[in-house]
Amino acid sequence: MFNVSILQSVLYENPAGDVVVEAGDVPAGKSIVLYVPKGKVTIAGDIKYANGPFRSAAEIPQFIIIAKNIDINSNVGRVDSWLLAQSSDDDSGVISTCETKVGLTIDTCSKQLRINGPIVAKRIHLLRTAGGDSKDDQGTPAEIINFRADALLWAYGSGRSEQRVMTTHTTELPVRY
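Residues numbered from 1 in each chain as written. Predicted model: local features only at pLDDT ≥ 70, side-chain atom pairs only at ≥ 80, totals over all residues. Heavy atoms only, no water.

(A) Examining the state of the cysteines more closely. Applying the stated criterion to the full structure yields 1 disulfide. Put simply, Cys-98 and Cys-109 are joined by a disulfide, and their sulfur atoms are 1.6 Å apart. Taking the sign of the S-S torsion, about 70 degrees here, the bridge from Cys-98 to Cys-109 comes out right-handed. Taken together, the positions of Cys-98 in the loop between β9 (94–96) and β10 (113–116) and Cys-109 in the loop between β9 and β10 put the pair 11 residues apart, joining distant regions of the chain. Each member of the pair, Cys-98 as well as Cys-109, carries the same accessibility label: buried. (Disulfide = S-S within 2.5 Å. Helix = DSSP H or I, 4+ residues; strand = E, 2+ residues; numbered from the N terminus. Buried < 20%, exposed > 50% of the residue type's maximum accessible area, 1.4 Å probe, protein only.)

(B) Expanded view of a nonpolar patch on the surface. A cluster of nonpolar residues, Ile-124, Leu-126 and Ile-145, forms a patch on the protein surface that exposes about 250 Å² of accessible area. By relative accessible area, which is 38% here, Ile-124 ends up partly exposed. (Patch = residues over 30% accessible without salt bridge, like charges linked within 9 Å, V, L, I, M, F, W, Y side chains within 5 Å. Areas by Shrake-Rupley, 256 points an atom, 1.4 Å probe, with all protein chains shown as cover. Salt bridge = Lys/Arg side-chain N within 4 Å of Asp/Glu carboxyl O.)

(C) View of the environment of Val-20. Topologically, Val-20 is positioned in strand β2 (residues 19–21). In sequence terms Val-20 and Trp-154 are 134 residues apart; their C-alpha atoms lie 25 Å from each other. Setting aside residues up to four positions removed in sequence, Val-20 forms contacts with Met-1, Phe-2, Thr-42 and Ala-44. (Contact = heavy atoms within 4.5 Å.)

This is how it looks when you write it as C-alpha cells:
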C-alpha cells in the first residue's frame, strides 16, 4: 500500500510488482513520483492536492504516476495526479477508470470521476456509468478530465534553476579543410 499523505518529495520506484495507492492528501510543497515500469498501479481512494494559496510555484503539490497500466477503483471520485501509462507491448499503456471490465452494468462504477492532471496513454478505457441511471441525471458526465494550470506552473517552477554554466576560457582555432 502506498499512502501519499505521509511520503517525502522523492521518486519511489517499484520495478517489478504492482502497487495500490490509498486515499490521501498531497501536502503543499511535496512532489512525489511513483514509477512502476513493469507493473500495474491501482488507485484505491481519492487523491487530493492541498489547497492554496501558495507563495511560489515550488509549493504547488504534485503526484506523478508512471506505470505499465493504471486502474482506478469504482469508489474513487477524485484523482489529482499525473497519469502516465507506458506502452511497451499490446497489453500495456492502458488507463482504466473502473476495475470491472467484464459484466459492466449501470450500477457498476456509477460514481462520477474527476481527474485533475495530464493523462498520457496508448488507450484510455472510460468505463464509468454515472448519469445514466435516471432521467434527472441524463447529460451528467461520468468522467471529467481537467488539465489544470497548476501542473504547468509546477513544471515551470521545478525546471528553473539559478545555476548557470559560464565560459571561462575560449581558444579560437583555424578552420580545417
